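# Observations on chain architecture
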Amino acid sequence: MTDPALRKPIKKAVFPVAGLGTRFLPATKAIPKEMLPIIDRPLIQYAVDEAREAGIEQLIFVTGRGKTAIVEHFDTAYELEATMSERDKSLDVLEPTRIQPGNLVTVRQQVPLGLGHAIWCARAIVGDEPFAIFLPDELMIGAPGCMKQMVEAYNQVGGNLISVLEVPEEEVSSYGVIAPGRRDGALTEVLGLVEKPKREDAPSNLIISGRYILQPEVMRVLENQGIGAGGEVQLTDAMSQMIGQQPFHAVTFAGKRYDCGNKTGFVEATLAVALERPDMRDEVRAIALRLLGV
Ligand code: UTP
């Protein structure tokens, strides 16, 4: 039976959004990567919707320079709303951007020293509670959403959880990979984590995707951890140290993941979402077929 202290409900989520987004330059020179839209919703909106569906109340954005548009997006736009109301336009479309007062907190990562460092910057707000992490450039499409699936698993096992996906063996060397232990349905015990292994050294083809539920002790590990690969504080290194100290599981996500941090993944996500939307799919399908000369 897991210690009750490792089963506290997940009410807070950290969204590290302080990265430079260099792969999307020049588009991301003045616009945060997380505000790039898949059709008509920015990436950050998909992540926030997924968090709320999973019962998360407090959103903690770890921001950096040039990221104010993200906070504006979740603020009330009085002028816009007044004008829309005057013109009898429905405000329903803005509903997902409304956050309960006090439930959006921002902290600043002054220097982009990596994902692990970004998470550590949120330590005072996270406090002594387990918390979720969302990497908004990984778009997770599923019903229920990825974090809801993870929270359901957390309610069974507690401790720490990461979301994983199976990929073809030739792709493992681009990702963080888990060393799997006992499997029970979608839940796999994690025995170790390896960052970007060679194909022949990879302990599995289960790659870490951008959703986590971690216990607050990870903050102390990050605090004491030095700079790792690429001159950055690596979250994977900190999680590796938690394995063996606390329960650590992976949840195989039943759904689709799109890596919107790279250009082809972004285009794939845009097409996939458009082809699922009843208001667009027929037209987009016809366009795609025409462009392909089919
Ligand atoms: P990425 O590795 O995708 O880096 O970060 P990036 O800077 O966003 O993009 P590229 O590689 O330059 O194109 C993964 C996540 O971690 C956040 C990013 O905002 C993204 O959500 N991050 C990364 C930080 O918040 N701070 C950092 O120092 C690094």
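What you see is a predicted model, and the numbers here were worked out from it, not measured in a lab.

Criteria and thresholds
- Residues numbered from 1 in each chain as written.
- Predicted model: local features only at pLDDT ≥ 70, side-chain atom pairs only at ≥ 80, totals over all residues.
- Heavy atoms only, no water.
- Near = heavy atom within 4 Å.
- Polar contact = N/O pair within 3.5 Å; in protein donor to acceptor, adjacent residues only side chain to side chain.
- 1 Å grid on protein atoms, 1.4 Å probe; cavity = no way out; pocket = protein on both sides within 12 Å on 5 of 7 lines; lining within 4 Å.
- Sits in = over half its atoms within 2 Å of the grid points.
- Nonpolar A, V, L, I, M, F, W, Y, C, P; charged D, E, K, R; others polar.
- Salt bridge = Lys/Arg side-chain N within 4 Å of Asp/Glu carboxyl O.
- Helix = DSSP H or I, 4+ residues; strand = E, 2+ residues; numbered from the N terminus.
- Buried < 20%, exposed > 50% of the residue type's maximum accessible area, 1.4 Å probe, protein only.
- Contact = heavy atoms within 4.5 Å.
- Points joined across faces, edges and corners; volume = space filled by probe spheres on them.
- Patch = residues over 30% accessible without salt bridge, like charges linked within 9 Å, V, L, I, M, F, W, Y side chains within 5 Å.
- Areas by Shrake-Rupley, 256 points an atom, 1.4 Å probe, with all protein chains shown as cover.
- Core = buried A, V, L, I, M, F, W, Y, C linked by side-chain atoms within 4.5 Å.
- Axes fitted to C-alpha atoms, helices over the stretch in contact; angles between N-to-C directions.
- Parallel < 35°, antiparallel > 145°, perpendicular 65-115°, else oblique.
- Left-handed = near helix turned anticlockwise from the far one by under 90°.
- Pairing = 2+ DSSP bridges.

### Points about the site of the ligand
Residues in contact with the ligand amount to 18 residues; listed here are only the nearest, Thr22, Arg23, Lys33, Gln109 and Gly114. Take Pro16: an N or O atom from its main chain is 2.8 Å from an oxygen atom of the ligand. Leu113 is positioned such that a nitrogen or oxygen atom in its backbone is 3.3 Å from an oxygen atom of the ligand. Among the cavities detected, the one that contains the ligand is the largest pocket. Class assignment of the residues belonging to the shell around the ligand gives a composition of nine nonpolar, five polar and four charged.

### Considering the pattern of salt bridges
Charged atoms that come close allow side chains of opposite charge to pair. In this structure the tally under the stated criterion is 12 salt bridges. For Arg277, the salt bridge is made with Asp40, and the minimal N-O distance between the two is 2.8 Å. Note that Arg277 is positioned in the loop between helix H9 (263-276) and helix H10 (281-292) and Asp40 in the loop between strand E2 (37-38) and strand E3 (41-42), a separation of 237 residues in sequence. Ionic pairing is found between Arg257 and Glu138, a salt bridge with its closest N-O pair at 2.9 Å. One end of the pair, Arg257, is in strand E13 (residues 256-259); the other, Glu138, is in strand E7 (residues 138-141), and 119 residues separate them in sequence. Both residues of the pair, Arg257 and Glu138, count as buried.

### Focus: the side chain of Thr28
Here Thr28 lies in the loop between strand E1 (12-16) and E2. Exposure remark for Thr28: the relative accessible area of 9% places this residue in the buried category. Within the local environment of Thr28, its side chain forms a polar contact with the backbone oxygen of Gly21, the two atoms lying 2.8 Å apart. Apart from the residues within four sequence positions on either side, Thr28 is in contact with Leu20, Gly21, Lys33 and Leu36.

### Brief notes about the layout of surface pockets
To find leftover empty space, one rolls a probe the size of a water molecule over the atoms. Considering only enclosed or pocket space, the largest pocket measures out at about 1200 Å³ in volume. What lines the largest pocket is a set of 39 residues, among which Arg23, Leu115, Leu135, Asp137 and Glu232 lie closest to the centre. Among the elements of the structure, helix H4 (115-120), strand E11 (206-214), helix H8 (235-242) and E13 are those that each provide at least two residues to the lining of the largest pocket. Looking at the lining of the largest pocket element by element, the count peaks at four residues for E11. For the lining of the largest pocket, a count of residues per class yields 15 nonpolar, 14 polar and 10 charged.

### Points about the environment of Glu200
For Glu200, the location among the structural elements is in the loop between strand E10 (187-195) and E11. By relative accessible area, which is 62% here, Glu200 ends up exposed. For the pair Glu200 and Gly66, spaced 134 residues apart in sequence, the C-alpha to C-alpha distance is 41 Å.

### Here we look at a nonpolar patch on the surface
Residues Val111, Leu113 and Ile227 make up a contiguous nonpolar surface patch of about 240 Å² in total accessible area. Checked against the element boundaries, Ile227 lands in the loop between helix H7 (217-224) and H8. Among the residues examined, Ile227 registers a relative accessible area of 53% and is labelled exposed.

### Side note on the nonpolar core
Core analysis: the biggest nonpolar cluster contains 37 residues, and Phe15, Ile44, Ile56, Phe61, Phe134, Met147 and Leu161 have the highest contact counts within it. Secondary-structure elements contributing two or more residues to this core are E1, helix H1 (43-53), strand E4 (58-63), strand E6 (131-134), helix H6 (146-157), strand E8 (160-166) and E11. Broken down by element, the residue count for this core peaks at seven residues, all from H6. Apart from the residues lying within four places of it in its own chain, the contact partners of Leu161 are Met150, Ala153, Tyr154, Leu187, Arg211, Tyr212, Ile213, His249 and Val251. Within the second largest apolar cluster, 34 residues are counted, among which are Ile208, Ala238, Ile243 and Ala250.

### Quick notes on the packing of H7 against H8
At their nearest, the axes of H7 and H8 sit 9 Å apart, and the two run at 120 degrees to each other. When the axes of H7 and H8 are compared, the pair comes out oblique. Here H7 runs over H8; the crossing is right-handed. Two secondary-structure elements touch here, H7 through Glu217, Val218, Val221 and Leu222 and H8 through Leu235, Ala238, Gln241 and Met242. Within the contact of H7 with H8, the residues separate by chemical class into six nonpolar, one polar and one charged.

### Re the pairing of E8
Extensive coverage of E8 is indicated by the burial of six of its seven residues. Relative to strand E12 (residues 248-252), E8 is paired through five bridges, and the arrangement is parallel. Its bridge partner being in E12, Ser163 is matched across the sheet by Val251. For E8 and E11, the ladder comprises five bridges, and the chain directions are antiparallel.

By themselves, these figures tell us nothing about what the structure is for.
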